[in-house]
Amino acid sequence: MKVNMKKNLCRVSGAPLAKVLDFGMQPLGNGFLGDKDINTEYFYSMKIGFSEVSMMLQLIEQPIPEKMFHDHYAFYSSTSKVMEQHFKSFAEEVLDSNYLSKSDPFVVELGCNDGIMLKNFSKKNIRHLGIEPSANVAEEANKIGVRTRSDFFSKKLADKIVSEEGKADAFLAANVMCHIPEILDVVKGIKALLKPSGVVIFEDPYLGDIINKTSYDQIYDEHVFLFSALSIQYLFGLEEMELIDVSPQKTHGGSMRYTLAHRGSYAVKDSVTQLLIKERAQGLDKIATFEEFRANVERSRSELITLIKDLKAKGKRVSGYAATSKSTTVLNYCGIGPDLIDYICDTTPIKQGKLSPGVHIPVVPHEVFKNDPTDYALLLAWNHADEIMEKEKDYVGGGGKWIVHVPTVKVL
Ligand code: TYD
């Protein structure tokens, strides 16, 4: 597999990257595999670097996107009721805002997945277009009436859309922008696609939360960047765009929603000024902050390994709950395999019957957890803790215990 060869240079500023953390060889976060694929499993060297110029934390090397977002991509957004509700209210906020034209507004979403957000626009007959590189999930979106093209977004595609359908009022994205190594071209495309009054509104896991919670599992092949308001302001500033609003979100264990517009076209909200001040105070512009983060990550790893090994030594059974992409980083970095964890249960049919990437723990249907619960369950989808705890009351009632590793390693 080819990797980006412009290693060690910031993808945004071109300045040299300082290496801040090395996770060793890692498989693809969503690379669930069958027995026959074990010998050809792909690993890459996962390291993150930081540039004080762009203030952008990023992977130093990553597999090419075509290998990750393909026609059998295993991530479907509509697996969580909380996420359904989240995207409904995201859409409602956009619909109720003054950003959309009164007549025939046009909304584009990048990485619309199975249509979880855009269906809220299609139901209201708002002109929309989803862009989704993974053909299998794009097909699901089209099936439910969300007009989607299976493609990678670029300046070239933006020009094509403008010539075929005109400019857009809003460009939306959720948990997608941070996936794109060619982010400069995407920002150029957004600039070209938006009307003078157009806005881009997107959200991604938030670096400030990742640092505060030591949630290093947000680092995996798909998350090329971990954004802050500082780095987003720098990135879009290159195309004469600016932040006009920011709004923290609970999703993915702490995300940030950024709203940007062509420079000078809207008043900048106080939320932006406040967040930029807060980020400088937190040190999100300084390499030293990430060196401290590295020490916290190393401590988290040794505490988690010790806890699980101690439980096994006492004859306890441990499972993993939810075969998330982020769990791939934790399990591989900590070296937690089938000797320590019996199985990982997950509700996604195409992950079931497969092995988890790298460490090869069997992924089983949720029913296995119901019928054969382990003494302890490592909550690999800690970001969905409220939803999961609510529906797994019987597990705890029956004596089962949860292990969480964010923000600190503990048994609940
Ligand atoms: P998510 O945090 O979105 O994962 P990722 O790290 O990949 O972004 O969680 C989605 C995964 O968790 C998906 O494989 C389904 C699984 N899941 C369950 O199995 N049960 C649940 O109750 C929830 C909320 C998720």
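Residues numbered from 1 in each chain as written. Predicted model: local features only at pLDDT ≥ 70, side-chain atom pairs only at ≥ 80, totals over all residues. Heavy atoms only, no water.

Colleague: What am I meant to see in the overall build of the protein here?
Modeller: A tally of regular secondary structure across the protein gives 14 helices and 17 strands. By the compact-globule yardstick of 22 Å for 412 residues, the protein fits well, its C-alpha radius of gyration being 21 Å. Referenced to the eigenvectors of the C-alpha coordinate spread, the extents of the protein come out at roughly 65 × 45 × 40 Å. Looking at the protein as a whole, 60% of its 412 residues qualify as buried. Within the protein, contacts between residues separated by at least 24 positions form 70% of all contacts whose residues are at least 6 apart in sequence. With an accessible surface of roughly 16,700 Å², the protein has 53% of that area assigned to carbon and sulfur atoms. When the 49 basic and 54 acidic side-chain charges of the protein are each reduced to a single mean position, those positions are 1 Å apart. (Helix = DSSP H or I, 4+ residues; strand = E, 2+ residues; numbered from the N terminus. Rg over C-alpha atoms; globule rule 2.2 N^0.38 Å. Buried < 20%, exposed > 50% of the residue type's maximum accessible area, 1.4 Å probe, protein only. Contact = heavy atoms within 4.5 Å. Areas by Shrake-Rupley, 256 points an atom, 1.4 Å probe, with all protein chains shown as cover. Lys, Arg positive; Asp, Glu negative; His and termini not counted. Charge placed at Lys NZ, Arg CZ, Asp CG, Glu CD.)

Colleague: Looking at this structure, I do not really get unusual backbone geometry. What am I missing?
Modeller: Trans is the common state for peptide bonds, and a negative phi is the common state for residues other than glycine. Along the chain, valine 406 connects to proline 407 via a cis peptide bond; the corresponding omega equals 0°. Here proline 407 shows up in the loop between strand E16 (401-404) and strand E17 (410-411). The phi torsion at alanine 322 lies on the positive side, around 85°, for a residue other than glycine. Alanine 322 sits in the buried class, given a relative accessible area of 12%.

Colleague: Hey, could you run me through the sheet that holds strand E7 (residues 168-174) in this one?
Modeller: Backbone-to-backbone hydrogen bonds join strands into a sheet, with any given pair of strands oriented parallel or antiparallel. In space, the seven strands of this open sheet follow the order E6-E5-E4-E7-E8-E11-E10, with mixed pairing throughout. Every other strand in the sheet has two partners, leaving strand E6 (148-149) and strand E10 (241-249) as the edge strands with one partner each. Those strands touched by helix H5 (residues 155-165) are strand E4 (106-110), strand E5 (127-131) and E6, and its axis lies near 155° from that of E5. Where helix H8 (residues 229-237) meets the sheet, its contacts fall on strand E8 (194-205), E10 and strand E11 (255-262), and the angle it forms with E10 comes to roughly 155°. (Pairing = 2+ DSSP bridges. Axes fitted to C-alpha atoms, helices over the stretch in contact; angles between N-to-C directions.)

Colleague: Please explain the packing of aromatic side chains as it appears in this structure.
Modeller: Aromatic ring pairs: the centre-centre distance and the angle between the two ring planes describe each pair. Under the defined criterion, the tally for this structure stands at 16 aromatic pairs. On the basis of an interplanar angle of 80° and a centroid distance of 5.2 Å, the ring pair of tyrosine 321 and phenylalanine 369 is categorised as edge-to-face. With a gap of 48 residues between them, tyrosine 321 in strand E12 (residues 318-321) and phenylalanine 369 in helix H12 (residues 366-371) connect regions that are remote in the sequence. Its relative accessible area of 5% is what places tyrosine 321 among the buried residues. With a relative accessible area of 2%, phenylalanine 369 lands in the buried category. One aromatic cluster is present, formed by Phe202, Phe225, Phe227, Phe236 and Tyr258 through successive ring pairs. Its guanidinium or amino end placed over the ring of phenylalanine 90, arginine 257 lies 3.8 Å from that ring's centre, counting from NZ or CZ. (Phe/Tyr/Trp six-rings, centres within 6.5 Å; stacked < 30°, edge-to-face > 60°. Lys NZ or Arg CZ within 6 Å of the ring centre and 35° of its normal.)

Colleague: Mind showing me how you'd approach the sheet that holds E17 here?
Modeller: Taken in spatial order, the six strands make up an open sheet running E14-E13-E12-E15-E16-E17, and their pairing is mixed. Both outer strands of the open sheet, strand E14 (363-364) and E17, are each paired with one neighbouring strand and no more. In terms of strand pairing, E12 meets strand E13 (residues 344-345) through two bridges, oriented parallel. Bridge assignment links glycine 320 to a residue of E13, and that residue is isoleucine 344. In this fold helix H10 (residues 287-313) packs onto E12, strand E15 (376-379), E16 and E17, with an angle of close to 155° to the strand it touches most, E16.

Colleague: Before we go on, may I ask you to explain helix H11 (residues 325-334) in this structure?
Modeller: Helical periodicity: at 3.6 residues per turn, an α-helix aligns residues three or four positions apart in one direction. With respect to burial, H11 is a largely interior element, 10 of its 10 residues being buried. For H11, the full list of buried residues reads Ser325, Lys326, Ser327, Thr328, Thr329, Val330, Leu331, Asn332, Tyr333 and Cys334. Close packing links the buried residues of H11 with strand E1 (18-27), strand E2 (43-51), H10, E13 and E15. One or two steps after H11, the chain reaches glycine 335, where phi turns positive at roughly 65°.

Colleague: How should I be thinking about the side chain of lysine 119 in this particular structure?
Modeller: Within the element layout of this structure, lysine 119 appears in helix H3 (residues 119-122). Residue lysine 119 is classed as buried on the basis of its relative accessible area of 17%. Excluding residues that lie within four positions of it along the chain, lysine 119 makes contacts with Glu84, Ile144 and Val146.

Colleague: Help me understand the site of the ligand, please; the structure alone is not making it clear to me.
Modeller: What surrounds the ligand is a group of 17 residues, the closest being Ser325, Lys326, Asp346, Lys351 and Lys391. Between the ligand and the protein, one listed contact pairs an oxygen atom with a side-chain N or O atom of threonine 348 at 3.2 Å. Asparagine 383 is positioned such that a nitrogen or oxygen atom in its side chain is 2.7 Å from an oxygen atom of the ligand. Relative to its unbound accessible surface of 560 Å², the ligand loses 96% to contact with the protein. (Near = heavy atom within 4 Å. Polar contact = N/O pair within 3.5 Å; in protein donor to acceptor, adjacent residues only side chain to side chain.)

Colleague: Is there a simple way to explain the nonpolar core in this structure?
Modeller: By size, the foremost hydrophobic cluster in this structure holds 92 residues, and its most contacted members are Phe153, Met177, Phe236 and Tyr258. With seven residues, the top contributor of residues to this core is H10. Those residues in contact with phenylalanine 236, other than ones at most four positions away along the chain, are Met177, Val187, Ile190, Val200, Phe202, Met241 and Leu260. The next biggest cluster of nonpolar side chains, apart from the first, holds 23 residues, and it includes Val107, Cys112, Leu118 and Ala261. (Core = buried A, V, L, I, M, F, W, Y, C linked by side-chain atoms within 4.5 Å.)

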